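# Summary of the model geometry
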Amino acid sequence: MKCRRLIFSRNLAANEIQNALDVSKSELGDDYLTEKNFLETINSQSAFCKVVTYNRQFAGFAMCQVFGPEKIDEVLRLPDSPEKKDLLSKGKIGLLDSIAVRKDMQNNGMGIELSEACLKEFEARGVDTVCAMAWKNTGGEINIEGILRRMGMKSGPEIPGYWNYMVDSPGGHDCPVCGRPCKCSAVFYGRDV
Ligand SMILES: CC(C)(COP(=O)(O)OP(=O)(O)OC[C@H]1O[C@@H](n2cnc3c(N)ncnc32)[C@H](O)[C@@H]1OP(=O)(O)O)[C@@H](O)C(=O)NCCC(=O)NCCS
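A brief structural summary. Throughout this description, residue numbers start from 1 for each chain and increase along the sequence as written. Where local features are concerned, this predicted model is filtered to residues with pLDDT of at least 70; where side-chain atom pairs are given and counted, the filter is 80 or more; whole-chain, interface and lining totals use all residues. Computation of side-chain values: all heavy atoms of the structure, hydrogens and water removed.

## As for helix H1 (residues 17–28)
When the terminal C-alpha atoms of H1 are compared, their 15 Å separation across 12 residues agrees well with the 16 Å that a helix rising 1.5 Å per residue should span. For H1, the full list of buried residues reads Ile17, Ala20, Leu21, Val23, Ser24, Glu27 and Leu28. Angularly, the buried residues of H1 cover 165° about the axis, an arc narrow enough to put them on a single face. The contact rule is simple, with two residues in contact once any of their heavy atoms fall within 4.5 Å. Note on conventions: DSSP H or I runs of at least 4 residues are helices, E runs of at least 2 residues are strands, and numbering of each starts at the N terminus. Considering only its buried residues, H1 is in contact with helix H2 (35–42), strand E3 (57–67), strand E4 (93–101) and strand E5 (129–136). Within two residues after H1, Gly29 carries a phi angle of roughly 115°, on the positive side. Expected helix span is computed as 1.5 Å times (number of residues minus one). Per-residue accessibility, obtained with a 1.4 Å probe over protein chains only, is compared with the maximum for each type, and a residue is labelled buried under 20%, exposed over 50%, and partly exposed between these values. Within this analysis, the arc is defined by the directions that extend from the helix axis to the C-beta atoms.

## Looking at the site of the ligand
Proximity is defined per residue: any heavy atom of the residue falling within 4 Å of a molecule or strand makes that residue near it. Val101, Asn107, Gly109, Gly111 and Ile112 are the nearest of the 18 residues found near the ligand. The contact in question runs from an oxygen atom of the ligand to an N or O atom on the side chain of Asn143, over 2.9 Å. When the ligand is considered free in solution it has 940 Å² of accessible area, and contact with the protein chains removes 67% of it. Taken together, the residues that form the shell around the ligand break down as 10 nonpolar, seven polar and one charged. Polar contacts here mean pairs of N or O atoms no more than 3.5 Å apart (in protein, one a potential hydrogen donor and the other a potential acceptor; neighbouring residues in sequence count only if both atoms are side-chain atoms). Here the accessible surface of atoms and residues is derived via Shrake-Rupley with a 1.4 Å probe, and residues count as covered only by protein chains that are part of the display. Only Asp, Glu, Lys and Arg are considered charged, only Ala, Val, Leu, Ile, Met, Phe, Trp, Tyr, Cys and Pro nonpolar, and every remaining residue, Gly among them, polar.

See below:
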């Protein structure tokens, strides 16, 4: 009997935006991403969104951006640090921007599949370095840490209250862990390609 792979990743299709939005709302918060964000990503040259399916069911997504050092402040809002100085010397930067997997499908390798698909795409687009701003919740957990370390990334500065600046929501980000305004932080992770 043939062994068939159950986990697949590919680019987001327009008819999957509602699935992606549902996962985003439950795992990253109601106000974190909008339908417009996904639509813009599908039509963008400088961004992409990978999805993962399990047994043909939508399981999760990863949104990424590719940009030059001139956009570091706008995209990352990193404080002055050795990591920022290093990024400023690069040509093309790949950002693993938002990644989320359906709660009932987590811990089954879906996040790893997504991160590997993103890394391949970054390599194909010729980035010099990859990075992520990892969500560290008020309990001190970084859900994505194992995956980022597996990708060979190292941690850098931690920014308290980061998500309130990144999410355009009156009163701050409505966090699924700690509410509004969000008291979680972000930790920079990166590595050269
Ligand atoms: C973070 C997130 C995307 C990870 O997705 P996931 O599908 O659960 O991740 P994986 O199953 O691929 O990997 C998770 C862990 O399970 C382990 N694992 C994966 N497949 C495994 C398997 N078959 N057997 C044993 N362990 C396995 C991985 O090594 C990894 O280890 P870690 O605990 O050191 O991280 C997911 O937990 C999520 O959506 N969380 C909420 C939103 C969030 O925090 N997003 C990140 C924002 S920066």
